[in-house]
Amino acid sequence: MKIVIIGAGISGHTAALVLRQKLSKEHDVIVVSPNKMWNWIPSNIWVGVGQMSSSDVTFEIAPIYKKQGIIFHQAKCTEIYPEGLNQSKPFIKVQSTSSDQFYDIECDYIVNATGPKLNFAATPGLGPHGGHTQSVCTVEHAVKTSAALDILVEEMKRGHNKTLVVGTGHGMCTCEGAAFEYIFNLEFELRRRGVRDKARIIFLTNEAELGDFGVGGLNLEMGGFITPSKTLAESLFVERGVDWILGAHVHKIDEKTLEYETLDGERSTLSYDFAMLLPPFTGVPLKVFDQSGVDVSTQIFNAGGFMKVDADYTVKTYENWLPEDWPKTYQTRFKNMFAIGIAFAPPHQISKPMKSKNGTVIAPAPPRTGMPSAIMGRTVAQSIVDMVNTDSKQPTYQSSMADLGAACVASAGFSMLNGSAVSMTMYPIVPDFKKYPGVGRSLTHTTGEIGLSGHWIKKLLHYAFIYKAKALPFWWIIPE
Amino acid sequence: MKIYEAKNYLAARPNRTTLFLRSFLPWQMIRFILINIRMTVMIAKSHGRQVEKEK
């Protein structure tokens, strides 16, 4: 059998390593990715403030796959034929990144783990490619961001006051946690470089409340109170002197100002000297065809370009959302095709969706990066192993985000003696208000605290996950 | 909507003891162990589950 994985990010790479470890050598594990380098994206935050270099967070992927016996194609997938075409075997069409030549790769199982397309075009002027803002979504972006920060700091050292804006560049963004990490690392870095007094730092977010993080916020039991994450997040912003704008959709950005709308319908402009704004995500453009060659992409992907799996996609109001809506096996309509990580279509948001008075949707998209992505990769790999070995069409492993918890460490300053990070656990990721009335999550397993030890954990995770991704001896002991 | 200014916003603030403990090495070493245990429990609860195989 041949199993092809499209994408080599956290979920795709995990799936590939687990498949290769558990399947006998008579089966081929094939990875298709346009990227030559593997990037531990969570540490891009530290590259963006100049505390790490690109080589600290990336490595060449082909030698790892060669050593593991995984077939690697540095290419971009453009079309998927999960049933084959006119009685042929299933295959995918790819375009080589070196020669631009198109060719087909035969397969029996397909795992779509493409990750997101960074949709900077959604907001005019957004992003480092022809826009005016910085990003830390890729290591190349983070390196540019760090260089822009260096120039800004030099000007501040010469006595100039600057306004720095960090956050989300569109009302439908996700990964607010990454923006949260970047702003506090930036604040810490400016203090370290002795120019904090010259900076006004503003967090601009699509979240309706601080501490929402796209998961509707958390409730934590501490000091005899059930405390919302909003209270804790506001405390940190006030302590660090960071201002904030909530419920914002950025309409356009020019070289010195950005125009945004907030939930009350008001449109405002904000002058800035440096901006790191995350883009919204869409699915990576792909087409899917049935066995007679008919393009069925509109049935397979949602409007955002994410692949539909075994979720309940019935349109419902927020009050009627259920944990059961979330997918369990990540199998698509085609029994031999799966979608994991950011590539799968969530049934709806987790945070309560909001619209401004003008009807502009300002709603954080659900985060599904990091730990959940990797677990999905393992789950689907384990299912495929069983399906291959038993000639079954039924996945044997499940990992719904309504059953999974997540451990997150949000860095707030890079230093082994003075740094800090917010260490959070939440269980489950998708709140279940029937099981946990009023709070949505287990108060025993939903926790959060800030301190130096969080930074040590974040640093430890950086090395542990890169070790694991390099498939070095006993890599499989390290959990996702 | 207004820009919330940190300096004028009434929020819970950490007291001196809390700030001290956040970077006090012996206390943070204990927290390091406890947070790791907490996260290990979370990871153990969150690695998916096997369902009954198709007969």
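This text goes with the structure placed above it.
Residues numbered from 1 in each chain as written. Chains lettered and ligands numbered in written order. Predicted model: local features only at pLDDT ≥ 70, side-chain atom pairs only at ≥ 80, totals over all residues. Heavy atoms only, no water.

What follows deals with the interface of chain A and chain B. Residue-level contacts link 58 residues of chain A with 35 residues of chain B. Between chain A and chain B, roughly 4,100 Å² of surface is buried when both sides are summed, and carbon and sulfur atoms account for 63% of that area. Three residues stand out in chain A for area buried against chain B, namely Val238(A), Trp244(A) and Gln398(A), and they jointly supply 14% of the buried area on that side. Put simply, Glu5(B) and Arg200(A) hold a salt bridge, and the shortest N to O gap is 3.6 Å. Between the two partners, chain A and chain B, sit twelve residue pairs in polar contact (both at pLDDT 80 or more). Here the element with the most residues in the side of chain A that touches chain B is helix α7 (residues 229–240) of chain A; it accounts for seven residues. Its residues assigned to classes, the side of chain A that touches chain B comprises 28 nonpolar, 17 polar and 13 charged. (Contact = heavy atoms within 4.5 Å. Buried area = accessible area lost by both parts, 1.4 Å probe. Salt bridge = Lys/Arg side-chain N within 4 Å of Asp/Glu carboxyl O. Polar contact = N/O pair within 3.5 Å; in protein donor to acceptor, adjacent residues only side chain to side chain. Helix = DSSP H or I, 4+ residues; strand = E, 2+ residues; numbered from the N terminus. Nonpolar A, V, L, I, M, F, W, Y, C, P; charged D, E, K, R; others polar.)

The subject of this paragraph is the nonpolar core. One broad rule of soluble globular proteins: the nonpolar side chains tend to lie buried together. Residue and element names in this part refer to chain A. The biggest cluster of nonpolar side chains holds 131 residues, and the ones touching the most others in it are Ile 80, Ile 92, Tyr 182 and Leu 190. When residues in this core are grouped by element, the largest group, ten residues, is from helix α9 (residues 371–390). Those residues in contact with Tyr 182, other than ones at most four positions away along the chain, are Ile 45, Gly 48, Val 49, Val 136, Thr 145, Leu 149, Val 166, Phe 274 and Met 276. Residues Phe 120, Ile 202, Tyr 260 and Tyr 272 belong to the second largest nonpolar core, which totals 15 residues. (Core = buried A, V, L, I, M, F, W, Y, C linked by side-chain atoms within 4.5 Å. Buried < 20%, exposed > 50% of the residue type's maximum accessible area, 1.4 Å probe, protein only.)

So, about the packing of helix α5 (residues 139–157) of chain A against helix α6 (residues 176–192) of chain A. A packed helix pair is summarised by two numbers, namely the angle formed by the two axes and the spacing between the axes. Residue and element names in this part refer to chain A. Interaxial distance between α5 and α6 falls to 12 Å at its minimum, and their mutual angle equals 40°. Taken together, the axes of α5 and α6 are oblique relative to one another. Once α5 is placed against α6, the crossing between them reads as right-handed. Between α5 and α6, the contacting residues are Thr 145, Leu 149, Val 153 and Met 156 on the first element and Tyr 182, Leu 186 and Leu 190 on the second. For the contact of α5 with α6, the residue count by class is six nonpolar, one polar and no charged. (Axes fitted to C-alpha atoms, helices over the stretch in contact; angles between N-to-C directions. Parallel < 35°, antiparallel > 145°, perpendicular 65-115°, else oblique. Left-handed = near helix turned anticlockwise from the far one by under 90°.)

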